[in-house]
Structures are given as structure tokens and as C-alpha cells.
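Descriptive structure summary
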Amino acid sequence: MKWRDLSRKEAERILKDLKRKSELLKLEDWEKHYGIMARRIEEKVGLALSII
């Protein structure tokens, strides 16, 4: 993903998948942060809030 341009939909899908995988680790008391490395993400304003 690092050198790709991502649409908002692709970025949301990746973040939701990361969130799902982190829940499998059962680390409830941990503060979790998710991130994506990409060349460009379309319409990224408010993206993090869309997966909460």
C-alpha cells in the first residue's frame, strides 16, 4: 500500500480490517492506534472518525 493511491473506501476497508484483527488479540486495556502508509488517500478528512 505504501506507494499506492487509495480511495476513501479502500482506506476505510483497511482500517476496519485492522480494527477487527486487533480485537482478536483481546487487548481491551490497551490504547489502540491504527495507521495506513500510502502515497495519497482521497477524502481523508474525518477518515479516522468513520471507523469508530
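Just so it is clear, the model here is predicted, and its values are computed rather than measured. (Residues numbered from 1 in each chain as written. Predicted model: local features only at pLDDT ≥ 70, side-chain atom pairs only at ≥ 80, totals over all residues. Heavy atoms only, no water.)

Let us now look at a nonpolar patch on the surface. Where nonpolar side chains cluster on the molecular surface, the patch consists of L25, L27 and W30 and spans about 350 Å² of accessible area. Relative to the assigned elements, W30 resides in the loop between α1 (8-24) and β2 (40-41). Looking at W30, the relative accessible area reads 59%, which means it is exposed. (Patch = residues over 30% accessible without salt bridge, like charges linked within 9 Å, V, L, I, M, F, W, Y side chains within 5 Å. Areas by Shrake-Rupley, 256 points an atom, 1.4 Å probe, with all protein chains shown as cover. Salt bridge = Lys/Arg side-chain N within 4 Å of Asp/Glu carboxyl O. Helix = DSSP H or I, 4+ residues; strand = E, 2+ residues; numbered from the N terminus. Buried < 20%, exposed > 50% of the residue type's maximum accessible area, 1.4 Å probe, protein only.)

Let's shift gears to α1. Over its 17 residues, α1 runs 25 Å from end to end, which matches the ideal 24 Å to within 8%, given 1.5 Å per residue. All buried positions along α1 are accounted for by A11, E12, I14, L15 and S22. Buried residues of α1 fall within an arc of 165° about the axis and therefore sit on the same side. Facing away from the buried side of α1, by more than 90 degrees, are the exposed residues K9, R13 and L24. Buried residues along α1 sit in contact with β1 (5-6) and β2. Looking one or two residues past α1, K26 carries a phi angle of roughly 55°, positive in sign. (Expected span 1.5 Å × (residues − 1). Arc of directions from axis to C-beta. Contact = heavy atoms within 4.5 Å.)

Keep in mind these numbers describe shape, not what the thing actually does.
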